[in-house]
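Descriptive structure summary
Listed below, chain by chain, are the residues.
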Amino acid sequence: VVAAAKKEGKVNAYAFTWVGDIGLTVARAFKERYGITLEITTGKGLEFTERIKTEKRIGQQVGDMTEGSPGVIDTMRLQKILASVSDDLPVLREKGVWVVEPTAMDPRDKANLTWRLSSYNPYINTKLVREQEIPQSWKDLLEPAWKGKMGLTDPKLGTIIYRMIAVLTDNKIWDEDYLRALYRQNLRLFRTGPDMLLELSRGDISLAVNGSDDESGRFAMEGAPIRAVSMKEGVVFSTASVAAIAGGPNPNAARVFLNWLFSQEGQTVTGRAQGNRMVRNDVPDFRPEVARAPVSKPLMITVEQLDRSTKLFQEGWFDKLVGR
């Protein structure tokens, strides 16, 4: 496979996060290892979905693999434009090295592969919340002391909070009564996660219910007094996904690249470049210190929960539940 990949000479990747210096770093490291060029086209995931479908329709396929959010990659899976190559990747047969198995989100098709992690923790303002006041359980957020002091990303404007709801309700940590009670805590609702963390940094709220380690780094570098806290029942992990595109012009090179991406070297290179927590446990945690809350139990999002949470979002389920 490696010999055939070198003859193909390149991999064409559609990527959402491998931009600028990050993409250059990933491409350089891969070429140094195998002599194969990684050509990266950056853009938005939904645009890539339509692009791949168009390429297939006119018989001029360019893309070999794609990287992006789990929801977008799952949409591609459902539209049957991905190839399942996990059984072809020797690295995925390694034992005892995974924080989360790369196929855990998509255990049936094994096409939507998890290559790095994002955790959704509550975040506190350390100047406003004393150590003895830090919540230890999701139930603690329903205490009167937190009323009017918490923020949440608005379920009208994005599906991430729905994914978190789907995971926590499936694990019987949240339920409809909990969500109604949480909403009655006079939650402030924000357009985006960064908007919420900005207000947390300023002290306009004391706690962000669903802060993301993907978004906290910029605030940490600017000295914001924030940090993640863990809940004893578990913390929700979302992912970034990668997948091979069915019928790509360089299938062997795509497999070699994906195998490298999940290797210790590939995970170290990409994790350091992006400042992320990776799926291997034998590489460092590259996230900023403020995001490294201990995890009592990682709760992973699955493709079934992605499908269901998207449907809930489209139906405005949260607003109906809380009477907004």
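First, a word on what this report is: a plain description of the structure on this page.

This part is about the packing of helix α7 (residues 193-202) against helix α8 (residues 213-221). Two elements in contact, α7 and α8, have axes separated by 10 Å at closest approach and are oriented at 40°. Here α7 is positioned oblique relative to α8, judged by the angle of their axes. Helix-helix and strand crossings are classified by hand; for α7 and α8 the assignment is right-handed. Within the contact between the two elements, α7 uses G193, P194, L197, L198 and S201 and α8 uses E215, S216, R218 and F219. Residues belonging to the contact of α7 with α8 are distributed by class as follows: four nonpolar, three polar and two charged.

Moving on, we come to the environment of G234. Its location among the elements puts G234 in the loop between β9 (226-228) and β10 (235-245). Distance in space between the C-alpha atoms of G234 and E67 is 27 Å, their sequence separation being 167 residues. Those residues within four positions of G234 in sequence are excluded, and the remaining contacts are W138, S296, K297 and L299.

One number sums up the size of the largest pocket: a volume of about 1200 Å³. What lines the largest pocket is a set of 43 residues, among which F16, S69, Y120, I160 and R163 lie closest to the centre. Looking at the lining of the largest pocket, its residues break down into twelve nonpolar, 22 polar and nine charged.

Once that is clear, we can look at the nonpolar core. Among the nonpolar cores identified, the biggest contains 76 residues, and W18, W138, W174 and F257 are the most heavily contacted of them. Ranked by the residues each element gives to this core, the list is headed by helix α9 (residues 251-261), at seven residues. Other than its neighbours up to four places away in sequence, F257 contacts V11, W18, V26, F30, L38 and M65. Ranked by size, the runner-up nonpolar core spans 13 residues in total, among them I205, A224, I226 and A291.

Attention now moves to the packing of aromatic side chains. Per the stated rule, a full pass over the model turns up 13 aromatic pairs. Judged by centre distance (5.0 Å) and plane angle (10°), the rings of Y14 and F48 are stacked. Here Y14, found in strand β1 (residues 10-15), pairs with F48, found in helix α3 (residues 45-58); they are 34 residues apart in sequence, far enough to count as distant. Accessibility expressed as a relative area gives 1% for Y14, which makes it buried. Summarising the aromatic geometry, the rings of W18 and W115 are spaced 5.6 Å apart at their centres and angled 70° between planes, so their arrangement reads as edge-to-face. With W18 in the loop between β1 and α2 (20-34) and W115 in strand β5 (residues 113-125), this pair connects stretches of sequence that are 97 residues apart. Take W18: its relative accessible area is 1%, and that puts it in the buried class.

Attention now goes to helix α10 (residues 264-274). Within the sequence span of α10, burial applies to G266, Q267, T268, V269, T270, G271 and Q274. Lining the buried residues of α10 we find α2, β5, α9 and β11 (277-278). Looking at the residues trailing α10, positive phi occurs at G275, about 70°.

The element β1 is largely enclosed, with a buried count of five among its six residues. Sheet topology note: the β1/strand β2 (residues 37-42) ladder contains six bridges and is parallel. Counted as the bridge partner of K10 is T37 from β2.

Of all eleven residues making up α9, eight are buried, and the element is well covered by its neighbours. Listing the buried residues of α9 in full gives A253, A254, V256, F257, L258, N259, W260 and L261.

A separate point is the pattern of salt bridges. Note that side chains of opposite charge can pair when their charged atoms are close. For the structure shown, the criterion picks out 26 salt bridges. Linking R324 and D154 is a salt bridge whose minimum nitrogen-to-oxygen distance equals 2.6 Å. With a gap of 170 residues between them, R324 in the segment after α12 (317-322) and D154 in the loop between β6 (150-153) and α5 (160-170) connect regions that are remote in the sequence. Two residues, R180 and E176, come together in a salt bridge whose shortest N-O distance is 3.5 Å. Residue R180 and its partner E176 are both found in helix α6 (residues 176-183); the two are separated by four residues, about one turn of the helix. Relative accessible area serves as the criterion here: at 29%, R180 is assigned to the partly exposed category. On the accessibility criterion, E176 (38% relative accessible area) is partly exposed.

What follows deals with the packing of α5 against helix α11 (residues 303-315). For the pair α5 and α11, the least separation of the axes is 8 Å and the interaxial angle reads 120°. Between α5 and α11, the interaxial angle falls into the category oblique. Pair α5 / α11 crosses with right-handed handedness. For the pair α5 and α11, the contacting residues are Y162, R163, A166, V167 and D170 in the first and Q305, L306, R308, S309, L312 and F313 in the second. Looking at the contact of α5 with α11, its residues break down into six nonpolar, two polar and three charged.

Cut-offs applied
Per-chain numbering applies: the sequence of each chain, read as written, is numbered from 1 onward. Residue-level local features of this predicted model are given only where pLDDT is at least 70; pairs of side-chain atoms are given and counted only at 80 or more, and the full residue set underlies all totals for whole chains, interfaces and linings. Excluding hydrogens and water, the side-chain values take into account all heavy atoms of the structure. A fitted line through C-alpha atoms serves as each axis, taken over the contacting stretch for helices, and the angle formed by two N-to-C directions is quoted from 0 to 180°. The numbering of helices and of strands both runs from the N terminus, where a helix is a DSSP run of H or I of at least 4 residues and a strand a run of E of at least 2. Convention used here: angles under 35 degrees read as roughly parallel, angles over 145 as roughly antiparallel, angles from 65 to 115 as roughly perpendicular, and any remaining angle as oblique. Handedness of each helix crossing follows the sense of rotation of the near helix against the far helix: counterclockwise by less than a right angle gives left-handed, clockwise gives right-handed. Contacts were defined at the residue level, with two residues in contact if any of their heavy atoms lie within 4.5 Å. Residue type decides the class: Asp, Glu, Lys and Arg count as charged, Ala, Val, Leu, Ile, Met, Phe, Trp, Tyr, Cys and Pro as nonpolar, and the leftover types, Gly among them, as polar. Buriedness for pockets is judged along seven lines, at least five of which must meet protein on both sides within 12 Å for an open set on the 1 Å grid over protein atoms alone, while cavities are sets there where a 1.4 Å probe fits but cannot get out, and lining residues have an atom within 4 Å of a point. Grid points are joined across faces, edges and corners, and a volume is the space filled by probe spheres set on the points. We define a nonpolar core as any set of buried Ala, Val, Leu, Ile, Met, Phe, Trp, Tyr and Cys residues linked to one another through side-chain atoms lying within 4.5 Å. Burial status follows relative accessibility: with a 1.4 Å probe on protein chains alone, a residue under 20% of its type maximum counts as buried, one over 50% as exposed, and anything between as partly exposed. Any two of the Phe, Tyr and Trp rings considered here, Trp counted by its six-membered ring, make a pair once their centres fall within 6.5 Å; the pair's planes then place it as stacked at under 30 degrees, edge-to-face at over 60, or tilted in between. The rule for pairing is simple: two strands pair if DSSP sees at least two bridges between them. A carboxyl oxygen of Asp or Glu within 4 Å of a side-chain nitrogen of Lys or Arg is what we treat as a salt bridge.

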